Amino acid sequence: GLDLGVVALSAAIWVALYGGIWFLTAGRGMGLGDVALAPLLGVVLGLWGLGPSLVGLMGGFAVGAVVVLVLMAGGRMRRGTAVPHGPFMLAGAAIGLFAGEPIAETYLRVVGLT
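We now turn to the structure provided with this report.

Rules and cut-offs
Residues numbered from 1 in each chain as written. Predicted model: local features only at pLDDT ≥ 70, side-chain atom pairs only at ≥ 80, totals over all residues. Heavy atoms only, no water. Helix = DSSP H or I, 4+ residues; strand = E, 2+ residues; numbered from the N terminus. Buried < 20%, exposed > 50% of the residue type's maximum accessible area, 1.4 Å probe, protein only. Contact = heavy atoms within 4.5 Å. Areas by Shrake-Rupley, 256 points an atom, 1.4 Å probe, with all protein chains shown as cover. Core = buried A, V, L, I, M, F, W, Y, C linked by side-chain atoms within 4.5 Å. Phe/Tyr/Trp six-rings, centres within 6.5 Å; stacked < 30°, edge-to-face > 60°. Axes fitted to C-alpha atoms, helices over the stretch in contact; angles between N-to-C directions. Parallel < 35°, antiparallel > 145°, perpendicular 65-115°, else oblique. Left-handed = near helix turned anticlockwise from the far one by under 90°. Nonpolar A, V, L, I, M, F, W, Y, C, P; charged D, E, K, R; others polar.

A closer look at the overall build of the chain
Now for step 1: Assigned secondary structure in the chain consists of four helices and zero strands.
Now for step 2: Of the regular secondary structure in the chain, the N- to C-terminal order runs α-α-α-α.
Now for step 3: Principal-axis analysis of the C-alpha atoms gives the chain an extent of 45 × 30 × 20 Å.
Now for step 4: Relative to its 114 residues, the chain shows a buried fraction of 31%.
Now for step 5: Considering only contacts within the chain whose residues lie at least 6 apart along the sequence, 75% involve residues at least 24 apart.
Now for step 6: Entry remark: accessible area of the chain is about 7,000 Å², with carbon and sulfur atoms responsible for 73%.

Observations regarding unusual backbone geometry
Now for step 1: The backbone of Ala26 shows a phi angle near 55°, a positive value even though the residue is not glycine.
Now for step 2: As for its position among the elements, Ala26 is in the loop between α1 (4-24) and α2 (32-46).
Now for step 3: We classify Ala26 as exposed; its relative accessible area is 57%.

Looking at the nonpolar core
Now for step 1: The biggest cluster of nonpolar side chains holds ten residues, and these are Trp14, Tyr18, Met30, Val35, Ala38, Leu41, Leu45, Leu57, Met89 and Ala93.
Now for step 2: Secondary structure elements with two or more residues in this core: α1, α2 and α4 (86-110).
Now for step 3: No other element matches the four residues that α2 contributes to this core.

So, the packing of aromatic side chains
Think of a pair of aromatic rings as described by two things: how far the centres are apart, and how the planes are tilted against each other in angle.
Now for step 1: With the rule as written, the count across this model stands at two aromatic pairs.
Now for step 2: Between the aromatic rings of Trp14 and Tyr18, the centroid separation amounts to 6.1 Å while the plane-to-plane angle is 25°, which identifies the pairing as stacked. On the criterion of helical spacing, the pair formed by Trp14 and Tyr18 is a turn pair, its members being four residues apart in helix α1.
Now for step 3: Classification of Tyr18 as buried rests on a relative accessible area of 1%.

Section: the packing of helix α3 (residues 50-73) against α4
Now for step 1: For the pair α3 and α4, the least separation of the axes is 6 Å and the interaxial angle reads 130°. Between α3 and α4, the angle falls in the class oblique. The handedness of the crossing between α3 and α4 is right-handed. Contacts from Gly51, Pro52, Val55, Gly56, Gly59, Gly60, Val63, Gly64 and Val67 of α3 reach α4 at Phe88, Met89, Ala91, Gly92, Ala93, Ile95, Gly96, Gly100, Glu101, Ile103 and Ala104.
Now for step 2: Classifying every residue of the contact of α3 with α4 gives eleven nonpolar, eight polar and one charged.

This is the structure we're talking about:
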């Protein structure tokens, strides 16, 4: 059933991470649009559970890192270039929504927490 505690925790984690990055970098490491999108994605993924939410959260950073590394390796981007993170947040959310539970379960099993 619906667990509002998980939904609230999920939103809080998303806001804490994105808001924290924005705050600690004085807005240079993350835009306010990303901070504003974070609680929405946290709530939506939290409706599916904490596993999908955390997979979606980390998935956005992972997808972004891979894309940036490929662009840098191909000479199409240089270090220090600003990259919009919103599309990566949405890609991560899609991963969390469609594959989050099995990814989270596999991770917990591999690290011995289940």
